[in-house]
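# A structural walkthrough
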Amino acid sequence: LTTKIEELTAASARLNTEIKNHEKEVAKNQEALDQATAIREKQLAEFNAEEKDLLESISALKSAVTVLSKHHGGSLLQVPRSHMLSVAATLQYQMRKHSSLLQGA
């Protein structure tokens, strides 16, 4: 009976040690998960801001094209060169500004 008690006491001590190790591992994994979640939330906020900016730029460009089309009878070929250069410059600026999104990065 004494031998059995000693065996079970040793097994209990070993299992308690394993439980403590697993609890430490779970805490470590939870911390890593929390950090990853925080990073993803930050990235989502950045993406949403960039997307909003891009959508606003697209909307502004659509409005500009609509106004130019109405003003010039639907033919952008009749638009003065300075206006076309301005539209082209705006497009280039927006494309450079948001190039990482357009590349899928």
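Here's what I pulled together on the structure shown here. (Residues numbered from 1 in each chain as written. Predicted model: local features only at pLDDT ≥ 70, side-chain atom pairs only at ≥ 80, totals over all residues. Heavy atoms only, no water.)

## Quick look at the pattern of salt bridges
The line we're drawing: We define a salt bridge as a side-chain nitrogen of Lys or Arg found within 4 Å of a carboxyl oxygen belonging to Asp or Glu. Each helix corresponds to a stretch of at least 4 residues labelled H or I by DSSP, and each strand to a stretch of at least 2 residues labelled E; elements are numbered beginning at the N terminus. Working definition: with a 1.4 Å probe on protein chains only, accessible area under 20% of the residue-type maximum means buried, over 50% means exposed, and in between means partly exposed.
Under the definition given, this model contains three salt bridges. Two residues, Arg14 and Glu18, come together in a salt bridge whose shortest N-O distance is 3.1 Å. Here Glu18 and Arg14 lie together in helix H1 (residues 2-71), a separation of four residues that amounts to about one turn. Assessed through its relative accessible area of 33%, Glu18 is described here as partly exposed. Across the pair Asp53 and Lys97 runs a salt bridge, and its minimum N-O distance is 3.0 Å. Pair noted here: Asp53 is in helix H1 and Lys97 is in helix H2 (residues 81-97), with a separation of 44 residues, a long-range link. With a relative accessible area of 41%, Lys97 lands in the partly exposed category.

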